[in-house]
Every structure is written in structure tokens, then in C-alpha cells.
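# Structural features, examined
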There are 2 protein chains.
Amino acid sequence: MERKALSIKDGKLFSFQPVAAREVMDVSGLYISPGFIDSHLHLEGLHLLPSVYSKAFLSHGTTTIITDLHEIANAGGLPALKWYMRLLEAIPLDVYVMAPSCVPSCRFEKGAGVLGLKELAWLRHHQRVIGLGEMMNIGGVLDRKRSVMRKIELFAGKPVDGHAPTLSGEALRAYVAAGIHSDHEATTLDEGKEKLAFGMHLFVRQGSVSKDLDALLPLIKESHLPKLSLCTDDLSARDLFQHGHLDVLLRRLVQSGLSLPRALRLATISPAHYFNLSDRKGLGPGNKADLVVFEDPKDIRVRMTIKKGRVVYRDGKRLHQGHAITTSPPSRLNVARFSLADLRQQAEGRKIHVIGVREGTLLTEHRVAEARIEDGYLLPDTDRDIIYAYVFDRYRGERRYGFGFVRGFSLQGGAIGTTYAHDSHNLIIVGDNLVDVFGVLTALTKGKGGMALSRHGSLVEHIPMPFYGIIAACDGREFLWKERRMHDALKRMGVILTNPFFQMSFLSLPVIPAVRLTTSGLFDVACRHCIETSYD
Amino acid sequence: MERKALSIKDGKLFSFQPVAAREVMDVSGLYISPGFIDSHLHLEGLHLLPSVYSKAFLSHGTTTIITDLHEIANAGGLPALKWYMRLLEAIPLDVYVMAPSCVPSCRFEKGAGVLGLKELAWLRHHQRVIGLGEMMNIGGVLDRKRSVMRKIELFAGKPVDGHAPTLSGEALRAYVAAGIHSDHEATTLDEGKEKLAFGMHLFVRQGSVSKDLDALLPLIKESHLPKLSLCTDDLSARDLFQHGHLDVLLRRLVQSGLSLPRALRLATISPAHYFNLSDRKGLGPGNKADLVVFEDPKDIRVRMTIKKGRVVYRDGKRLHQGHAITTSPPSRLNVARFSLADLRQQAEGRKIHVIGVREGTLLTEHRVAEARIEDGYLLPDTDRDIIYAYVFDRYRGERRYGFGFVRGFSLQGGAIGTTYAHDSHNLIIVGDNLVDVFGVLTALTKGKGGMALSRHGSLVEHIPMPFYGIIAACDGREFLWKERRMHDALKRMGVILTNPFFQMSFLSLPVIPAVRLTTSGLFDVACRHCIETSYD
């Protein structure tokens, strides 16, 4: 940390010597850092348009985000990815894209599109694409499956991000040796240490879902700094707007005893080197003038953010608006028409399979329970917290849908549903009665997807997401207000999960153990097949 | 330096633990380094096809070369650049391209083509292109000329190489602050220090022309290592085949007292970081298996080179051939037809301008001398070492040509000429009589360019360069043998310059002081205009 004058010209750092300037700002007594870089974030999970969220990031000092857009790619294929990247042109925030490596997440998933070699080759040449996104197909890598290895080869020489929760030993070595450079899934100190020892770059993650910063704190010492960056992975709009972003993580690092320069490095120079961003590898002349100004080195609160030489945020005021791109909803949902009667399930035995959901984990349990049957039809049993779960295809108008039972929502007298359901983002609904399930289905189908809640037979709240069923058209305040109302209603319905929509959205992802619900029915992740036949 | 087993899989480093393997090599007692990287080299100056020179580089441990192909771009525009890059596909050596930023070198040059923004935008997306090549238009940068700055902006976030001989102080600061990251023109310790202080990455140069290693040795200490790489810039085929490449530089570094790991870093990890080559930023698993094996740490002689996991050189044997691409000469010279009489120059006064050439420098002197006149025509005067110099356009068949006198070649009884003349690569001839000048002109025009020597009226030697007039079709041995014969003949003609062809090839480059010869006549570099009218 040095006391210096700092001049900016043409959006770049010019000099640390006093020079004649058109405009002079007095920031004496304040600290200046390069702008913050998030190394791994799925931006679509904010459910907001880039023009809406970019100002929020800038106000918290974030000037560069590395995103893996596999949500929008699943929801709309390459056209959706292109559409999203066009929107990114209009915002002052720099967003670089890691080409999604696993769309769909596995061969049992049916989303809107497939990103194959051809699509990835196209993406590779896009100005905004700087590497290959998290390689979640661990089995494919370990087996050196040709289709998987060709994706990695396509991005040879560029960063290739990993995704290897709990992988260790020889399997981890083989995974890294395939040409994978980073990981953001380390949740324990030992896991982090081993991954660093194998040469991986670690993105220490602290987002709205997984919070690994405290566990990995001991790793963040001098010798590892060039190999450590910060990321949030999944970030809710609520957390971003109400709490902040990397500034929150940096505060925690500094307050835990890490020196300010070391802490800042994880959010600035380290990721710039890893992601090969030559114009922000430090604070020398010629580097991009992306700067953050703050007052208290022990409690980093952003006073001012400068992006490409322009003040975009100062003392609570967002100054730079970017230009809004008017964009019309590019897609409609294609859900088959069902009647309420179509949703009823005939009992085929006296036992049912139940997906168990628990607070604080994405893992599910596979349970078998006695069925509750009336007139030959399966019923929920709220006394035992067993309610309906449905997954409807929303891309091909398939009449076949997935049905199962779920336990752990403690939801009574209603249903919730969303078209943001990992990773295929089909239409998922959870509820304890068919009237509300049907109400949510109708609202989401007619209303361009989104999130909906029906209680006692009437639609209480609906946040439409006209953009591929995963992004809303509203501004941040309206979104948060509606979301809050929905959570309040959920509490009144008996739900005690902290984030029931979030838990629901992972019910359909067939790559996390133990059991999931897809449009083809209940899916056993370990055995990789459907447990029951689907319900036509 | 550690003792370890090292295994390779799929062309990548796999592990430093002993593992079961199909093939085992015993290299106990030997040292292993990552393959060497040349940070800046104009490959076309070797005058050989990539399939010819690649084996020579590999046998000296070089596995990656960063090249600026501005010679071929001047000689044939974007199509020639594409042609050359296709040839690079067939060789095992990795060659990455910095897009030539200054083609033509200035607005007074007329080469085959112009690389404007459109062409650079195309190049930017090419898999092989990783940044913007040396920005020689220093004035344009300092003036923040729009056309120049747009080229730099086009490559924002990627490495942008500089070229700023002797630039210092505020001018250097302004040059760097425009977004230029490196320099390879520092020839003194002070110059190197200042450039490092401004945050530039320095390529320490030791090639066939400029030799700056000794002067910059004191810089190469620990604190600067991440900012230092090695380059050769211009390398003759003779030096490459007879002496070597970066192994020569590394020997010198180690023998001067630098530790082996520090020396190696300049040719491996440092340039990999600067050029953002994510697959060779170290020796960890998953990195490209480009390796050099040598025995004596104090006298690095390459025993074995491994490229992408395959042994391509071992103990004097080049093992990997690559596959030869058959390529037909893609262009013909378009030189107007001249008779011998067309070459005669009528005297227009009693004084002539003379370009003075000296050993060991590319700078020329501007002299004025008494003309020697016979029958109204200008004659050379070998007593005063004043001989003819001609530059003929070879792209547009222009009848206008540049004529002047040159001093310093001490050439008697003949003429030499070449179509490799910086940067436009027009046809340049120097000689003391019209018969030999005409003989060289005829040989080069009919024989697809190259280098030619005529003595006492007969063509003694000719190395045709059918590929854009700058690259020969022969193998290395034949090329060196012909070149040697030409130099021997030159000595017999009285020439004492070490490299007369080389000196001649820079006579036409109008960006180096003081005076040059272009197709439009004598050009004053400082005043930026032609001294005399051209000779039609």
C-alpha cells in the first residue's frame, strides 16, 4: 500500500505521478484497489436482466465477472446463449463467459438444446468466451471418453474449469491430468489442500448456497495466493441487493486476520492471471482503469467504483446507467395441455418411493413408504409430510411427465412451482393437492414460466420469467418484493425450509445423489436409471 | 530441482508418482525442463518452410514459438498470412501468432497488402493468434491516433507487444499507458530498468542481429523474473542450424552465474504467463507434455525433446517428421519489364546523395558527394566505394523505381539483389555496374525472387524464393550451402561487411534513420519525405 497520485486516460491507468488533468478527484485518506473479479458465477440464477443486476455489482466494487451460462444454455440452447451475450454488450460491467461444457448435464436430461462440439467450437471464437466451463462429467473425464476429451482439447491452452466435489487421490490426479485447471467445489481444508497439491487453482466459494470460506481460511496464506481466487457460484438477487458481493467476502477475510493486500489479491490479480486477462493483471500504467475506492481497510465498504475510467458508483449513488437493450421475450413454453384429471395417479401397489429433502444440503434421500390410496388413486399425506412432485417437459410439449412424492417441505394447503429447475429447467411443481398443483401449472404455462404459488385454490403470487422461463422482466426491487411475499406465504403454509424454491429447483438434477425427478420419472442417480415407469 | 518419476498420458503430464506405464524411459541423472518458448521471432527471416525449420528448433529444445508474421504479411497481405498459418498446422512445433500491427510499416511503404482493422478483426478470432504484434507506430500511439488505438482496443485483454527502442521518460509512460505490455528493444541496462519500472514485460533479445543479453544480465534477478522472457527477434538459418536457439542463450545465462531454475524460467513459465498459455504455465499434471532433457546443468545441451508426449528428438536424431504439406508457389512477382538502358540515370546536377552503411548498425548516414558523370549519365565510383542501389516495385508492375547511391559495401565487379527487403519486400539491388545489376534483376524477376549474385556479367548464385519472394523451397542444408557460396563470392568481390544481404535488406525500411531507398526514391526518415524526385 502506497500513497500516490493516480491518473487515468482513455479508460486506462496512466500514471502514478501527478500529471495535468481535466478532472481531479480528492481521494486522500482512502484506499484504491483494482476492481473485484468473481471467478465463477451462474448469473442467470439472479433471474434478472443484465441491465438490472449490473448496477448492483458495480456498487459493491465488482467490475469483472466470469460466468458459466449453462442455465440459459439448458433453457434455450445456443440461440439463448447468443441472446444473453448480446445483452451483456450493453452493460458497463465486464462479463466473460466460460463455454458451458455439460449441456445437458447428463444423457438423462432433456433440456432445450445440446451444446456439442460444433456449438463449443463456435463459442470458442467468441470475443467474450475465454475458456471451458466447469467440467461436471467426471466419469467421462476419468474414462477419457472421446466426446468429453475433444471438448477439453478444443480449449487447449485456455483455462478449463473443473467441478469435482469430494474427488481425491488417484481419481483426482487423473481428473486434473486430463487438462482441468481449477475447482470451486472444495468444502473442507483437506480437500482444498489436496487440490492445490495437484496444481489446481482453487476458487474459494461463498455464495448464497454453498459457504466454504471459513473452512478454507487456513489455505489462504502467502504461498498459495497465486492459486486462490474468490467466487460465489450461485448468488441470489436478495443476497446481492441486500448484502453485497465480493466485498462481503473480503470483509470476512480481513476481519479474520488476513492482511488487506493479500485479501484483495484473491479478488483481483490472482483471477486475472488465471483467466489470462492481460489488461488487469495489476495496477500498472496501461491496465484497465477498473478501480474500487474504500475508506476503512479493516471494514471494506465501497465508497466509489470506477469502470474503464468512469465513475459508475459513488457514496450510495449509481451513476452510470449503461444503455438498456429493449429485448422481447424470445421464446414461449411448449407444455402439453393437461386437465386436472390428467394429474391424478393410479396406485400400482401399496408402496411409494419418496424423495427426502433436508435443510442445508442438496443431497436427497431415497425412502419407501406406505401409499395412501383413495378410490384407486395415490394421495399425499401431510401428516407424514409426503406431498406430490411433478416435472413437466416444457420444450417439446410431451404428454409424458414425471411424478413422484417428496418429503421435507412441510407444505400444507397449496403448491409452488417454477420453470427454473436444474439443469434442464423443465417445469417443476410441488404441492399437497391437485387443485393448487393445477393452478400453478396453468399460471406458469400461460404466464411464460417463472415462479408461482397457489394456496387454497387461488394464485397468490406469480413472478413471470418471460425470457426462456428463467429470467424476469422486472427490476430488482419489484423482484425482491414479490419474492418476499412468496416466502411469507410459504411460511404461512407451514414451510420451514430456508429456501424452498431453491430446494425444489434441484429436485430434478440427475447428477446429485440420491434420487431425482425428471420428465421420465423418478431417477436413481447411483444406478443411473429410472426407478419407476413414467406416468402417461 | 527434484528427483521424481514423471508419467505422461494423452500428450499431457500425468503424475510425478511412479505409475504403471506402457513405455518406460530411464532418464536418471538427467534434468527435465518444460519445453523452451521464444517470445518474439519473425520466422519468415529463416527463408525456409516450417516443415524444414521445425525439426531444427525441436532439436534445440524449443517447443513453442511466438511469432510476428509481418514479413509475410507485407509480402502477400492477409492471404499470405493465411497460407503460412496453414503450413504451421502440419508441424509438431507450436507456433502462436501475434497479429502484425503495422503492415505496412508506415504510409510511405507500398507492399503487397494492408492489414487494417478488418483484417486484424479476422485474425483476432484465429485459434493461433493470441495477441497484437509489436506496435512500431510509436508516433501514432503517442498522438493517440484513432486508427492505431482502435487496433489496440481490438486486442483488449490480450497481450499487446511493444517495439520502443530508446523510448523513455514521459513518452515511454504514455506509450505503455496506451495498453502496450511488452518490449524487446531494450539494449542497455538503464533502458531495461526503466521499462520494467513502467510495468512492461521485457523480452531479453539475443538473435542473429541484435545481441542484448550481456547488457541486460544484471536485470535478471529474482524480483524481475516474472517480467522477463527470452527472444531472438531475427534469427538466421545459419545460426539456428549451426549454433542453436534458446539453448545457446540459456547456456550463457547459467555460465554467467544465474541458477538453472531461474534461467529456465525465462524460457518457460514467464513467457507462458505473459502469453496466457494456460496449458504450459508449469510442470503440474494436466500441462502439455513439452519437455527438454539435458545432462549437465552448467552446460545445457539438449539430449532429448518431447513434444506433446512424443519423443521428437534424441541424441542427435530427429525422430518426428511431422507431415509435409505440398504447397505450390502461391504468387508471382509483378515487376515491369526494363531494358538495360532503362536503368541508366541522367545526371541532373553535380552532386549526388549517398546512403552510408556501416558494420554493426542498421542506422544509415546521409552523405552528399561529387557526382561522377560520363556522357551525361551518373556513374558509380568504386574508388570512393560509391555504387548503385535500386528498388523496384514487385507487386504492381510499376515502371517507376527508386534509385540512389550507397556507400559501405566495398563491392567491386558485380551486383547482389533480393526480394526480401524490409518491410515491403520489394526488389532491391546493389551493384557497381549496370550489366550485373540487370543480370540480378532478370534472375530475380524470372526466377520467382529470392537472393541472387551476378559477377562479371554472369549469374554466380541464385536462391529462388518462390513463396512470396521471401521463402525458399529447399531444405536447410541446401540453403546454407548456397548461402555460404554466395558469401564466399562476395568476399572475392571485396565485400567486408559481415552480412551484406542483411544490410541491403534494411536499406529500404523507411522507419529507421537516417535515409532509405524506396520505390519512390530516396527517403529522409526524419523529415518524412523523399529527397529527390523518382527516376522514371
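Attention here is on the structure that accompanies the text. (Residues numbered from 1 in each chain as written. Chains lettered and ligands numbered in written order. Predicted model: local features only at pLDDT ≥ 70, side-chain atom pairs only at ≥ 80, totals over all residues. Heavy atoms only, no water.)

## What about helix α2 (residues 70–88) of chain B?
Residue and element names in this part refer to chain B. Helix length check: α2, at 19 residues, gives a terminal C-alpha distance of 15 Å against a target of 27 Å (1.5 Å per residue), a shortfall beyond 12%. Most pronounced at Gly-76, the bend in α2 amounts to some 130 degrees, and the proline Pro-79 follows within four residues. With 16 of its 19 residues buried, α2 lies for the most part within the structure. (Helix = DSSP H or I, 4+ residues; strand = E, 2+ residues; numbered from the N terminus. Expected span 1.5 Å × (residues − 1). Bend = angle between axes of the 7 residues up to and from the residue. Buried < 20%, exposed > 50% of the residue type's maximum accessible area, 1.4 Å probe, protein only.)

## What about the relation of the copies chain B and chain A?
After a rotation of 180 degrees and a shift along the axis of 0.0 Å, chain B superposes on chain A with an RMSD of 0.1 Å. Such a combination of turn and shift is consistent with a two-fold rotation axis. A shared binding surface is used by both copies, with 100% of the interface residues of chain B retained as interface residues in chain A. (Least-squares fit on C-alpha atoms with pLDDT ≥ 70 in both. Contact = heavy atoms within 4.5 Å.)

## A look at the environment of B:Arg314
Residue and element names in this part refer to chain B. Within the element layout of this structure, Arg-314 appears in strand β14 (residues 310–314). C-alpha of Arg-314 to C-alpha of Val-302: the two residues are 12 residues apart in sequence and 8.3 Å apart in space. Setting aside residues up to four positions removed in sequence, Arg-314 forms contacts with Met-25, Arg-303, Met-304 and Leu-319.

## Examining the side chain of B:Asn426
Looking at the secondary structure, you find B:Asn426 in the loop between β22 (414–418) and β23 (427–431). Of note is the side chain of B:Asn426, whose polar atom sits 3.0 Å from the backbone nitrogen of B:Arg394. (Polar contact = N/O pair within 3.5 Å; in protein donor to acceptor, adjacent residues only side chain to side chain.)

## Let's talk about the packing of aromatic side chains
Within a pair of aromatic rings, the relevant descriptors are the distance that separates the centres and the angle that separates the planes. The full count for this structure, using the stated rule, is 38 aromatic pairs over all chains. Relative to B:Tyr390, the ring of B:Tyr388 has its centre 6.0 Å away and its plane inclined at 65 degrees; by these criteria the two rings are edge-to-face. B:Tyr390 shares its class with B:Tyr388; the two are buried. By way of ring pairs, the aromatic residues A:Phe338, A:Tyr388, A:Tyr390, A:Phe392, A:Tyr401, A:Phe403 and A:Phe405 are connected into one cluster. The cationic tip of A:Arg344 hangs over the ring face of A:Tyr377; the distance from NZ or CZ to the ring centre is 4.1 Å. Sitting over the ring of B:Trp122, B:Lys82 keeps its end group 4.3 Å from the ring centre. (Phe/Tyr/Trp six-rings, centres within 6.5 Å; stacked < 30°, edge-to-face > 60°. Lys NZ or Arg CZ within 6 Å of the ring centre and 35° of its normal.)

## Thoughts on helix α6 (residues 169–177) of chain B
For α6(B), every residue scored as buried is listed here: B:Leu172, B:Arg173, B:Ala174, B:Tyr175, B:Val176 and B:Ala177. Considering only its buried residues, α6(B) is in contact with β2 (12–15) of chain A together with β7 (129–135), α4 (138–142), β8 (160–162) and α7 (189–197) of chain B.

## Remarks on the sheet that holds β14(B)
All names here are of chain B. The strand order across the open sheet built from 5 strands is β3-β12-β13-β14-β15, with neighbouring strands paired in antiparallel fashion. The outermost strands of the open sheet, each flanked by one partner alone, are β3 (31–34) and β15 (317–318). Bridge count between strand β12 (residues 291–294) and strand β13 (residues 302–307): 4 bridges; the pairing is antiparallel. If you follow Val-293 over to β13, its bridge partner there is Met-304. (Pairing = 2+ DSSP bridges.)

## Looking at the sheet that holds strand β15 (residues 317–318) of chain A
Strands belonging to one sheet form pairs held by backbone hydrogen bonds; the direction of such a pair is parallel or antiparallel. All names here are of chain A. With respect to topology, 5 strands assemble into an open sheet ordered β3-β12-β13-β14-β15, the strand pairing being antiparallel. Each having just a single partner strand, β3 (31–34) and β15 make up the two edges of the open sheet. As judged from the 2 bridges shared by strand β14 (residues 310–314) and β15, these two strands associate in the antiparallel manner. Bridge pairing in β15 places Tyr-313 opposite Arg-318.

## Looking at the interface of chain B and chain A
Each partner contributes to the interface: chain B provides 36 residues, whereas chain A provides 36 residues. Together chain B and chain A conceal approximately 2800 Å² of surface at their shared face, both sides included; 45% is due to carbon and sulfur atoms. Where chain B touches chain A, the interface holds 4 salt bridges. Summed over the shared surface of chain B and chain A, the number is 21 residue pairs in polar contact (both at pLDDT 80 or more). (Buried area = accessible area lost by both parts, 1.4 Å probe. Salt bridge = Lys/Arg side-chain N within 4 Å of Asp/Glu carboxyl O.)

## Here we look at the pattern of salt bridges
Side-chain pairing between opposite charges can occur once the charged atoms of the two side chains come close. Residue and element names in this part refer to chain A. If you walk through the whole model with that rule in mind, you get 57 salt bridges over all chains. For Glu-185, the salt bridge identified is with Arg-205, shortest N-O distance 3.2 Å. Here the residue Glu-185 occupies a position in the loop between β9 (182–183) and α7 (189–197), and Arg-205 occupies one in strand β10 (residues 201–205), the gap between them amounting to 20 residues. Overall, the relative accessible area of 11% leaves Glu-185 in the buried class. Judged by relative accessible area, which is 5%, Arg-205 ranks as buried.

## Points about the pairing of β23(B)
Residues and elements named next belong to chain B. Burial analysis of β23 places 5 of its 5 residues in the buried class, which makes it a mostly covered element. Here β23 shows no split at all, with Leu-427, Ile-429 and Gly-431 on one side and Ile-428 and Val-430 on the other all buried. In terms of strand pairing, β22 meets β23 through 4 bridges, oriented antiparallel. What sits directly across from Ala-415, in β23, is Gly-431.

## Let's talk about the environment of B:Arg367
Residue and element names in this part refer to chain B. Positionally, Arg-367 belongs in strand β17 (residues 365–370). Residue classification places Arg-367 among the partly exposed residues on the basis of a relative accessible area of 32%. Expressed as a C-alpha distance, the spacing of Arg-367 and Val-354, which sit 13 residues apart in the sequence, is 4.9 Å. Residues contacting Arg-367, with those up to four places away along its chain left out, are Ile-352, His-353, Val-354 and Arg-407. Engagement of the side chain of Arg-367 in a polar contact is seen with the side chain of Glu-365, the distance being 3.3 Å.

Don't take any of this as a statement about function, it's just geometry.
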